[in-house]
Amino acid sequence: MRLADIVARCEALFEDLEFRAVREWKAAHPGAKAIGYMPIYVPREIVHAAGMLPVGLFGGGDQLEVIQGDAYYQSYICRIPRSTLELGLTRRLDCLDGMLFPSICDVIRNLSGMWQILFPDKYVKYFDVPQNYDDAVGGAFYRHELASLRDDLARLAGRPVSDDDLRGSIAAYNENRRAVRDLYAFRAARPWQAPTAEVYLVLRAGCVLPVEEHTRLVRDYLAAAEATPRPKRDNARVVLTGAFCEQPPLALIKSIERAGCYIVDDDFVLVQRWLVEDVPESGDPLDALARAFLHRSTQTSSRYDEKREDKGRTLLAQVKSRGAEGVIFAAPSFCDPALLERPMLQDVLARHGIPYTAFKYAENTGQMAPIREQAGTFADSIKLWTAA
Amino acid sequence: MSTPAGSRATPAAQTTTPKAVVKEDAMWLQKALINRNYHDLATARERGRKIAATFVPGNLNELLMCFDFARSLPETNALQNALRKRSGKLVMEAERDGQSEDVCTYVKADIGMFLQGEVGPTGEPLPRPDVLLLSYTGCFTFMKWFELIRHKFGGETVMLHVPYQADGRIRPAMRDYVVKQLRETVIPALERISGVKFDIDRLREYLKESQKAEEDLVAVLQTAKHRPSPIDGYFGAVYYIGPIFTAFRGTPEATEYYRVLRAEIEARLRAGKGPLTPEGDHPGEKYRLVVEGPPNWTHFRDFWKMFYDEGAVVVASTYSKVGGVYDFGFRHDPARPLESLAEYCLGCYTNLNFAQRIDMICRYMDDYRADGLLVNSIKSCNSFSAGQLLILREVEKRTGRPAAFIESDLVDPRYFSAANIRNRLESYFQMIRQKRLAAGVH
Ligand code: SF4
Ligand code: SF4
């Protein structure tokens, strides 16, 4: 497939707030269910093993007019819950048979209860994850949460979800994780060949496509990106962090790149990279998922860092392994997790002599000029710094 | 979230013509308790005692006492500073130091206090804690708060993850998880840090005291079911919950405080008196309200005055349940010490799901015969505030009684607009009057 066609397809999926891809999948699989999930992480393997389509929801973006959703939120609350409600209240999410609200912050936690009240016919689950990383303590609790999700979905599907089903799904997601890891490695090695605005769209396609199809798409994109030479620019290499929940508009990502930054790592659509290694495909599948969560998963601000010295470990590793020269903190306005984490991460970077810049956005931010200017100045200062 | 124990609004302090100040015994007792705790903290180091900080919701005071820790409640420190008009500059100090203007102002007031030289609200030193017992109960921000304190000022964090009551009940797996953490993580860490061996019988003794105090607190809060109510269940209740939500639950002093308080309130009830306000007796109960959400602390007296000047009494509030919901039967249980600590944490108000919060408010509306619901939406607090507009609609729908919405903040004076709040309240009281007229009730 041609690169332009792949990107155009991803863009169409990204822009489609009617979730046609989900509707088409359901039409092609009569009786099968689709389950929505919000950022940051849910074990999609379990949804898949129940024969269902997991659908990632990242708010309404900058194209959705939010009217009803605003009536539920004060001005000082971020935008993603209101645009997500808008999608629900305008019946765009009718194709979903249930929703999972992961434990990321109190806004999404409370949204789970609002959803129960506003959509009483849908399956709604708040998905708690452990903040204790001991196998016998947090692991046992988490395994119980996983089993209860499996049992709920089995009831909804009207059939049991076997360990073999789960192992098969783990294998499918391992394939996907490998493909996404390759995509990140490729972009870090040759960012001019895989601009982040495209990589981002490829990731977002994975929120609505079945995992097998998404894995193929990632592979197709990689092949096409490799085969399409593009000019290499003298850009600064940066890691972008803080954008794990409410998303910046695509135009903002493009603006950063146009301002002279190659984004060589980020925390977009973290669900696809949450587990940093393959999950064992043999043995007890729920144990395997639980252990992967506890010991082989990424670090982000919705999780507890047991020790002071753990803070910023992942960000530092991203900077180092990707050869980044600086970090852009991009956080949604009013986002407690991102904004409370930020000063600690900045301090860690400062101690390691890594330059950074920071700004806030909303999913419907329209003014790109200030951000372009800030990113441009940052890129210039990095170049001066490295030249000196 | 927390309680303003200690810096009570002295009756008659703001009247133009000075009146004799009527202070009841419980007020003096409470003030003495709170000041004593600040003194305890100030002198802990010289007495070789370690200091623990922990949050009000999910506060494991009895457990901390088993290890002889002096106990600091950071939300209480923040609000005490706010009552003394000091929090604004602390918040700004933290913002200058890199904290975002968007995040919870309790966190910033706490950071600001450490940055400004570790002096507590009473002016005595407030040293850095040795252990930050991160009872992660009903609020995401708690986790980042203690990570931030640890990052900037040192100290060890000990996590107690309390799962959310997402489906409106405490499942056995949730309780087992909390108990297991207490046994296998929290207690060993506290033993190591304090050098004191855990003695479960000592814990049982404290829990016995807790039970007694809880019984009396509930009796006090429930006097508001009477007409006129002898207490204000929000502005007054924040003083009543002071000792039990902070460093005193489980102490004989707290038991004594609640015994005296109960006797005093029951005497007011028998005398047919309304609540005591900072300006003396309440001028007469015209409106009975249920309030959802924490109060504003920076203008606490002005805020309260807006209510009693209009004849409004808050008969029940959800905020007075943040450090423990006792009015539906839960008590700490010396026979099941760790299990009941777990259930206590799991049951705190902000750990309840939406349906439970709505049910609780509707029940208060009925049991306390309230005219309506007022939501004070706090900018700082996503845990309370995100979704409150739906709570308001649902309560209105279910009770048929009017609800109103005001906005303020906890300890950041920049977010208190007296004129806006007064206007809202005035139109709200008018709405209640109209409803009564329409119903033929006067
Ligand atoms: S953007 Fe931040 S505050 Fe808002 S829902 Fe997401 S994690 Fe929570
Ligand atoms: S967010 Fe709310 S519950 Fe959490 S610390 Fe701040 S005021 Fe307290």
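Now for a description of the structure that goes with this document.

What counts and how
Per chain, residues are indexed from 1 in the order of the written sequence. Chain labels run from A onward and ligand labels from 1 onward, assigned in the order the entries are written. The predicted origin of the model limits local features to residues at a pLDDT of at least 70 and limits the giving and counting of side-chain atom pairs to 80 or more, whereas totals for whole chains, interfaces and linings rest on all residues. Excluded from the side-chain calculations are hydrogens and water; all other atoms, namely the structure's heavy atoms, are used. Buried residues of nine kinds, namely Ala, Val, Leu, Ile, Met, Phe, Trp, Tyr and Cys, make up a nonpolar core once their side-chain atoms join them within 4.5 Å. Here's how the labels work: a residue is buried when its accessible area is under 20% of the maximum for its type, exposed when over 50%, partly exposed in between, all with a 1.4 Å probe on protein chains only. When we say a residue is near a molecule or strand, we mean one of its heavy atoms is within 4 Å of it. Asp, Glu, Lys and Arg are counted as charged, while Ala, Val, Leu, Ile, Met, Phe, Trp, Tyr, Cys and Pro are counted as nonpolar; the rest, among them Gly, fall into the polar class. Strands are runs of DSSP state E lasting at least 2 residues, helices are runs of H or I lasting at least 4, and numbering of each runs from the N terminus. Strand pairing is assigned whenever DSSP identifies at least 2 bridges connecting the two strands. Like charges within 9 Å and nonpolar side chains (Val, Leu, Ile, Met, Phe, Trp, Tyr) within 5 Å are joined into patches, using only residues over 30% in relative accessible area that form no salt bridge. Every accessible area reported is derived by Shrake-Rupley at a probe size of 1.4 Å, with residue values counting cover from the shown protein chains alone. In what follows, salt bridge is the name for a side-chain nitrogen of Lys or Arg lying within 4 Å of a carboxyl oxygen of Asp or Glu. Only four residue types enter the charge count: Lys and Arg as positive, Asp and Glu as negative, with His and the chain ends excluded. Working definition for charges: the position is that of NZ of Lys, CZ of Arg, CG of Asp or CD of Glu. To estimate the expected span of a helix, subtract one from its residue number and multiply by 1.5 Å. We call two residues in contact when some of their heavy atoms are within 4.5 Å. Any N or O atom pair separated by 3.5 Å or less is treated as a polar contact, with the protein-specific requirement of one donor-capable and one acceptor-capable atom, and with residues adjacent in sequence counted only for side-chain atom pairs. Fitted lines through C-alpha atoms give the axes, limited to the stretch in contact for helices. The angle between two N-to-C directions lies from 0 to 180 degrees.

### Things to note about the nonpolar core
- Grouped together as the largest cluster of nonpolar side chains are 289 residues, with contacts concentrated most on Tyr221 and Ile256 of chain A together with Leu63, Tyr106, Tyr240, Trp297 and Phe307 of chain B.
- Ranked by size, the runner-up nonpolar core spans 13 residues in total, among them Leu315, Val319, Leu345 and Ile354 of chain A.

### A look at the site of ligand 1
- Neighbouring ligand 1 are the residues Cys78, Ile80, Ile104, Cys105, Val107, Ile108, Cys245, Glu246, Pro332, Phe334, Cys335 and Pro337 of chain A.
- Broken down by class, the residue content of the shell around ligand 1 amounts to eleven nonpolar, no polar and one charged.

### Details of the pairing of strand E9 (residues 372-378) of chain B
Residue and element names in this part refer to chain B.
- The element E9 is extensively covered by neighbouring structure, given that seven of its seven residues are classed as buried.
- Alternating positions in E9 separate into two faces, Gly372, Leu374, Asn376 and Ile378 on one and Leu373, Val375 and Ser377 on the other, with burial throughout.
- For strand E7 (residues 287-292) and E9, the ladder comprises four bridges, and the chain directions are parallel. Within E9, the residue paired with glutamate 292 across the bridge is valine 375.
- Pairing analysis gives six bridges linking E9 to strand E10 (residues 403-408), with the strands arranged parallel. Among the inter-strand pairings, isoleucine 378 is bridged to a residue of E10, identified as serine 408.

### Considerations on a negative patch on the surface
- A grouping of Asp134, Asp135 and Glu306 of chain A together with Glu184 of chain B is seen on the molecular surface, where their side chains present a negatively charged patch.
- Mapped onto the secondary structure, aspartate 135 of chain A falls in helix H6 (residues 135-157).
- Judged by relative accessible area, which is 38%, aspartate 135 of chain A ranks as partly exposed.

### Quick word on unusual backbone geometry
Residue and element names in this part refer to chain B.
- In the segment running from arginine 227 into proline 228, the intervening peptide bond is cis, with an omega of -10 degrees.
- The backbone phi angle of aspartate 68 is positive, close to 65 degrees, even though this residue is not glycine.
- Even without a glycine there, the phi angle at arginine 369 is positive, about 45 degrees.
- Tracing the backbone through its elements, the reader meets arginine 369 in the loop between helix H14 (354-367) and E9.

### What about helix H6 (residues 141-153) of chain B?
All names here are of chain B.
- Spanning 13 residues, H6 covers 18 Å between terminal C-alpha atoms, matching the ideal 18 Å at 1.5 Å per step.
- Of all 13 residues that make up H6, twelve are buried, and the element is covered over most of its length.
- Restricting attention to buried positions, one finds in H6 the residues Thr141, Phe142, Met143, Lys144, Trp145, Phe146, Glu147, Leu148, Ile149, Arg150, His151 and Phe153.
- Phi for glycine 154, located one or two positions after H6, is positive at around 85 degrees.

### Observations concerning the side chain of lysine 26 of chain A
Residue and element names in this part refer to chain A.
- Within the secondary structure, lysine 26 sits in helix H2 (residues 20-28).
- In this structure lysine 26 comes out as buried when scored by relative accessible area, which is 19%.
- Apart from the residues lying within four places of it in its own chain, the contact partners of lysine 26 are Ala32, Lys33, Ala34, Cys95 and Asp97.

### Side note on the pattern of salt bridges
- Across all of its chains, the model carries 74 salt bridges over all chains by this definition.
- In this structure, glutamate 198 of chain A and arginine 230 of chain A form a salt bridge, with 2.9 Å as the shortest nitrogen-oxygen distance. Pair noted here: glutamate 198 of chain A is in helix H8 (residues 196-205) and arginine 230 of chain A is in the loop between helix H9 (211-227) and strand E5 (236-241), with a separation of 32 residues, a long-range link.
- Via salt bridges that share partners, Lys125 and Glu145 of chain A together with Asp167, Arg169 and Arg171 of chain B belong to a single interconnected network.

### Looking at helix H8 (residues 200-222) of chain B
- Taking 1.5 Å per residue, 23 residues should reach 33 Å; H8 of chain B reaches 32 Å between its end C-alpha atoms and fits that length.
- The N-cap of H8 of chain B, judged by a side-chain oxygen 2.9 Å from the amide nitrogen of aspartate 201 of chain B a few residues on, is aspartate 199 of chain B.

### What about the sheet that holds strand E2 (residues 53-56) of chain A?
All names here are of chain A.
- Strand order in this open sheet of four strands is E2-E1-E3-E4, and the pairing throughout is parallel. Every interior strand has two partners, whereas the edge strands, E2 and strand E4 (123-127), have only one. Neighbour-to-neighbour, the strand axes of this sheet turn through a mean angle of 25 degrees, independent of strand direction.
- Looking at chain direction, strand E1 (residues 34-37) and E2 are connected through four bridges and run parallel. When the bridges of E2 are listed, alanine 34 appears paired with leucine 53.
- On the sheet, helix H5 (residues 106-118) packs against strand E3 (98-102) and E4 and is oriented at approximately 160 degrees with respect to E3.

### Some points on the sheet that holds E9 of chain B
Residue and element names in this part refer to chain B.
- If you trace the four strands from one edge of the open sheet to the other, you get E8-E7-E9-E10, paired in parallel fashion. Looking along the sheet, the strands with just one partner apiece sit at the ends: strand E8 (312-317) and E10. The average angle at which neighbouring strand axes cross in this sheet is 35 degrees, direction not considered.
- Contacting E7, E8, E9 and E10, helix H17 (residues 418-439) crosses the sheet at an angle of about 170 degrees to E10.

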